[in-house]
Amino acid sequence: MVNFKFLIIILAGVLAADCALVRRETFEATKGRCQQENGLSHAEVKESVLALRNETYLEDERKRCYIVCVEEGGGFFKDGKLDVDHVVNDIFDMFARNDGKFNEDKFRTDVNQCAMKEGEGKCAAAYNASICLSHIMMNLSDYNVKE
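Conventions adopted
Residues numbered from 1 in each chain as written. Predicted model: local features only at pLDDT ≥ 70, side-chain atom pairs only at ≥ 80, totals over all residues. Heavy atoms only, no water. Phe/Tyr/Trp six-rings, centres within 6.5 Å; stacked < 30°, edge-to-face > 60°. Helix = DSSP H or I, 4+ residues; strand = E, 2+ residues; numbered from the N terminus. Buried < 20%, exposed > 50% of the residue type's maximum accessible area, 1.4 Å probe, protein only. Lys NZ or Arg CZ within 6 Å of the ring centre and 35° of its normal. Disulfide = S-S within 2.5 Å. Salt bridge = Lys/Arg side-chain N within 4 Å of Asp/Glu carboxyl O.

Brief notes about the packing of aromatic side chains
Right, so step 1: On inspection of all chains with the given rule, the structure shows four aromatic pairs.
Right, so step 2: Ring centres of Phe107 and Tyr143 lie 5.0 Å apart, and the angle between their planes is 85°; this geometry places the pair in the edge-to-face category. Placement of Phe107 in helix H6 (residues 104-115) and of Tyr143 in the segment after helix H7 (124-138) is noted, with a sequence separation of 36 residues between them.
Right, so step 3: Overall, the relative accessible area of 4% leaves Tyr143 in the buried class.
Right, so step 4: What links up through ring pairs into an aromatic cluster is the set Phe92, Phe102, Phe107 and Tyr143.
Right, so step 5: Over the ring of Tyr143 we find Lys106; its NZ or CZ atom is 4.6 Å from the centre of that ring.

Put into structure tokens, the structure is as follows:
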């Protein structure tokens, strides 16, 4: 269940029924690679996911870097920086697939603010951007345009 919630939080914009299986397999491979690269146990991965979901800062740089690594694998980050265009385009596509209207300007402004987050230590700025982005993703209805 934690993996599914993590998938929604991190990759909400890329969940499409037509390619969910391929993406899930890629996502699982990315998680495994990132877990190994950062030397985390399964319990530590769960702690990392829970911290992100609860918008809690992680002191352990390995856990922060795990989250950033997984998000880079999903295309949300490039070279440790939030890829604003990728995030906006994925969410725009998700709204379009569901015949929804989307306040792109407001969303882009908020995601840009996430991209400007700072932090000290390895992966800290990117992790802070992840917390910010997670908050936005959990509140996507705020960007729905009602007619």
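On we go.
Looking at the state of the cysteines
Right, so step 1: Under the counting rule described, the total for this entry stands at three disulfides.
Right, so step 2: Here Cys34 connects covalently by a disulfide to Cys69, the sulfurs 1.9 Å from one another. Taking the sign of the torsion about the S-S bond as the criterion, the disulfide between Cys34 and Cys69, at about -75°, is left-handed. Here Cys34 is found in helix H2 (residues 20-37), whereas its partner Cys69 is found in helix H4 (residues 61-73), with 35 residues between them in sequence. Cys69 matches Cys34 in its accessibility class, with the two residues each being buried.
Right, so step 3: Disulfide pairing places Cys114 opposite Cys132 at an S-S distance of 2.0 Å. One disulfide, between Cys114 and Cys132, carries an S-S torsion of -70° and so falls in the left-handed class.

As for the pattern of salt bridges
Should their charged atoms come close, side chains of opposite charge can pair.
Right, so step 1: Using the criterion set out here, one finds eight salt bridges in the structure.
Right, so step 2: The closest approach of N and O atoms between Glu28 and Lys31, which form a salt bridge, is 3.4 Å. You can see Glu28 and its partner Lys31 sitting in helix H2, three residues apart, about one turn around the helix.
Right, so step 3: For Glu28, a relative accessible area of 35% translates into the label partly exposed.
Right, so step 4: Here Glu47 and Lys63 are joined by a salt bridge, their closest N and O atoms 2.4 Å apart. Taken together, the residues span a long stretch of sequence, with Glu47 in helix H3 (residues 42-53) and Lys63 in helix H4 at a distance of 16 residues.
Right, so step 5: Note on Glu47: relative accessible area 41%, which makes it partly exposed.
Right, so step 6: Each of Glu44, Asp60 and Arg62 takes part in one network of salt bridges that share partners.

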